[in-house]
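Chain and residue survey
Letter by letter, the chains look like this.
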Amino acid sequence: MNADETRALSVIAFIGSVFSPWYAWSGRRAPENHVCMNVATYGSGGRFTMTDRGRSALRQTPDTLTIGPSQMRWAGGQLLIDIDERGALPLLGRVRGRITVTPSAVTHVELPLTDDGAHVWRPFAPTCTVDVALDAPGWDWQGHGYFDANFGTRALEADFSDWTWGRFPLSGGATCFYDATRRDGSTLNSQMHFATDGTVGASADIPPAPLSRSLWGLARSTRADPGYRPRQVKPMLDAPFYCRSAVRTQIDGEETTGVHETLDLRRFRSPLLKPMLAVRVPRRETWHVD
C-alpha cells in the first residue's frame, strides 16, 4: 500500500491454485499442473489477473519461482517480482513491471492452523518496504508491505468454515491477526506483534470488533481497542466468498490502516460458484519458454 493509501497491490504465487475452479474440477491430484501468479492492483487503472497454468509453466530453483511469464526470486536480501500478466474480465489489459520487496527482517515463525499441521501459516516478513514500478501511469511508487506463505495438504474448505486475517503496520513493527472457525467447531484466535527485527513481542489482548458487511453480504470482523469502531477505508477485492480491503483500526492506542481479508469457505464449497469463477480465472494448459 502506498503512503496516501490511494493505491495498493497484492501478488500471490500458487502451486496448486486453491481458488481455481479448474484445480477443483481436476480433483486436486496434481498441484504442479495448476499454478498461477495472481496479481491484483487497486486504485486508478487497477486490474485483476489470475491465469491457471499447466505444469509446463512451472520452473523452480532454490531462489526462484517462475510461473509462465512471471517470476519471483531472492537476490541480495530482496524479493524481486517480475510480472507479465493479462487482466481478467471485465477490465482487460496487460499488467507488467517489477515489484521489489525489501524485508526489515525474516522471521522463523510457523503457526499450525489445525492440530495435525495439515495447514501452516508462515509469516516470513511482516514488515517490508515495497517499491512498485509497473508499466502504467501512476504505478511507480513506494509503500509498506508484507510477505507470507500458507502451506497445506488438504483443501481449505475441507477443514475450515471461515477465517479472518489482518496485517496492520505500527511504529516499531506490525501486528497480525489470524482468526478461523474450523469445520469441527473449534476456533483459532491468534494475534502476533512482530518487531522490525523479526522477533515476536508481547502485545495486549485486542478484542474482536465488528466491521460492516461486504458488498456480497459477507459478515466481517477484525480487532480493535475497546470502544474503537474499525471501518473500511478502501475497497479492494469483493467476491461472493472472499473480501479484501484496507481497514482502519486502533491497536494499543495507535491508529493504523492495514490490509484485511475475510474468507467464507461454506460459500466456496458451493458447486454453483465454480462456473462463475471460471469467467475470471482462465485456464492455459501449455506454456512455451521463448
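Presented here is a report on the structure given in the accompanying data block.

With that out of the way, let us pick up the side chain of Arg220. By the element assignment, Arg220 lies in strand β18 (residues 220-223). Salt bridges are absent for the buried Arg220, whose nearest opposite-charge side chain, Asp238, sits at 5.9 Å. A polar atom in the side chain of Arg220 sits 2.8 Å from the backbone oxygen of Ser212. The contacts of Arg220, once residues within four sequence positions are left out, are Pro210, Leu211, Ser212, Arg213, Ser214, Gln232, Cys243, Ser245, His260 and Thr262.

With that out of the way, let us pick up the sheet that holds strand β21 (residues 254-264). Strand order in this open sheet of 7 strands is β16-β15-β14-β13-β21-β20-β19, and the pairing throughout is antiparallel. With partners counted over all chains shown, the strands left at the sheet margins are β16 (200-201) and β19 (231-238), one partner each. Of the pairings in the sheet, the one linking strand β14 (residues 173-182) to strand β15 (residues 187-195) comprises 9 bridges and is antiparallel in character. Across the sheet, residue Thr175 finds its bridge partner in β15, namely His193.

Our next topic: helix α4 (residues 273-280). The periodicity of an α-helix, 3.6 residues per turn, causes residues three or four positions apart to be oriented the same way. Within α4, the full set of buried residues consists of Leu273, Lys274, Leu277 and Ala278. Mapping the buried residues of α4 onto a view down its axis gives an arc of 140°, with all of them on the same face. Considering only its buried residues, α4 is in contact with α1 (21-25) and α3 (265-268).

Scanning the model with the defined rule gives 16 salt bridges in all. Where Glu32 meets Arg55, a salt bridge forms, and the shortest distance between an N and an O atom there is 3.2 Å. One end of the pair, Glu32, is in the loop between α1 and β2 (35-42); the other, Arg55, is in the loop between β4 (52-53) and β5 (58-61), with 23 residues separating them in the sequence. Judged by relative accessible area, which is 46%, Arg55 ranks as partly exposed. For Asp52, the salt bridge goes to Arg283, with nearest N and O atoms at 2.4 Å. Residue Asp52 is located in strand β4, and its partner Arg283 is located in strand β22 (residues 283-284); the two are separated by 231 residues in the primary sequence. The class for Asp52 is buried, based on a relative accessible area of 0%. We classify Arg283 as buried; its relative accessible area is 17%.

Membership of the largest hydrophobic core comes to 37 residues, with the highest contact counts inside it found for Phe19, Leu113, Trp121, Trp163, Phe241 and Leu263. Excluding residues within four positions of it along the chain, Trp121 makes contact with Val109, Glu110, Leu111, Leu113, Tyr146, Asp148, Ala149, Asn150, Trp165, Cys176, Tyr178 and Met192. Core analysis: the second largest hydrophobic core is formed by 18 residues, Met72, Val101, Leu134 and Phe147 among them.

Thresholds applied
- Residues numbered from 1 in each chain as written.
- Predicted model: local features only at pLDDT ≥ 70, side-chain atom pairs only at ≥ 80, totals over all residues.
- Heavy atoms only, no water.
- Helix = DSSP H or I, 4+ residues; strand = E, 2+ residues; numbered from the N terminus.
- Buried < 20%, exposed > 50% of the residue type's maximum accessible area, 1.4 Å probe, protein only.
- Lys, Arg positive; Asp, Glu negative; His and termini not counted.
- Salt bridge = Lys/Arg side-chain N within 4 Å of Asp/Glu carboxyl O.
- Polar contact = N/O pair within 3.5 Å; in protein donor to acceptor, adjacent residues only side chain to side chain.
- Contact = heavy atoms within 4.5 Å.
- Pairing = 2+ DSSP bridges.
- Arc of directions from axis to C-beta.
- Core = buried A, V, L, I, M, F, W, Y, C linked by side-chain atoms within 4.5 Å.

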